[in-house]
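What the coordinates show
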Amino acid sequence: IAVRGRHLIVTVPDSSTRRTRTVVEAFELSNDSSLTRVARGDAGVTFDAALPPGVTVIQSGQGDISSDAIRAVDGRVQVNAPISPGMRQLSFSYEIPADMDPFEVLIESPTTVLEVLIEEPSAVVNGAGVPGLDLVPVQAAREPAQAGEGPGVVHLQGAAADFLPGLDGPFP
């Protein structure tokens, strides 16, 4: 199963507690064969990817894979569902501490599209072939849209400074 696209959406900290932020990840998975990929038994995996350090709970999102078939195990998101030929979408979300700086996401294999959307205008994104781009206004939030190819690690840095009083840099 190949990853054709990976999208990360990093929100501002939760408005009620300001202690966590939500990260949404969406994968465009491609089964380029003529056969459906099936996991072996309940513990089998048809697709998996690394989660950021400390993430142990995920919420499944909209997509082509049943929420019952998606789980977090040993620092990885794992899918135990048949993946038929063609493109399929997998999405899920998780919470990270608002003061996690830098926040790093491992990109394990090359992908055609790697997109990072961040609601905070002061955030800096680099790594995994992601060039810095200008900020783009999107629905009253300013989000740097970043694109790259991977593999590598995407680093998101400096975003916490705007939302956590007393947090010192240095931030680029």
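Our subject in this report is the structure included herewith. (Residues numbered from 1 in each chain as written. Predicted model: local features only at pLDDT ≥ 70, side-chain atom pairs only at ≥ 80, totals over all residues. Heavy atoms only, no water.)

**Concerning the packing of aromatic side chains**
- According to the stated counting rule, one finds three aromatic pairs in the structure shown.
- Following the ring pairs from residue to residue traces out a cluster consisting of F27, F47, F92 and Y94. (Phe/Tyr/Trp six-rings, centres within 6.5 Å; stacked < 30°, edge-to-face > 60°.)

**A few points about the sheet that holds strand β6 (residues 76-79)**
- Strand order in the open sheet formed by three strands is β3-β6-β5, and the pairing between neighbours is antiparallel. Only two strands of the sheet have a single neighbouring strand rather than two, namely β3 (47-50) and β5 (70-73). Each neighbouring strand pair of the sheet contributes to a mean axis angle of 20°, computed without reference to strand direction.
- Here four bridges tie β3 to β6, and the two strands are oriented antiparallel to one another. Residue A50 lies in a different strand from β6, and its bridge partner there is R76. (Pairing = 2+ DSSP bridges. Helix = DSSP H or I, 4+ residues; strand = E, 2+ residues; numbered from the N terminus. Axes fitted to C-alpha atoms, helices over the stretch in contact; angles between N-to-C directions.)

**Description of the pattern of salt bridges**
- For the structure on display, the rule yields four salt bridges.
- Taking the shortest distance from any N to any O, the salt bridge between R6 and E25 comes out at 2.6 Å. With R6 in strand β1 (residues 2-10) and E25 in strand β2 (residues 20-31), the pair connects residues that are 19 residues apart, well separated along the chain.
- Its relative accessible area of 5% is what places R6 among the buried residues. (Salt bridge = Lys/Arg side-chain N within 4 Å of Asp/Glu carboxyl O. Buried < 20%, exposed > 50% of the residue type's maximum accessible area, 1.4 Å probe, protein only.)

**Brief notes about unusual backbone geometry**
- The backbone of D74 sits at a positive phi, close to 50°, despite the residue not being glycine.
- Relative to the elements of secondary structure, D74 occurs in the loop between β5 and β6.

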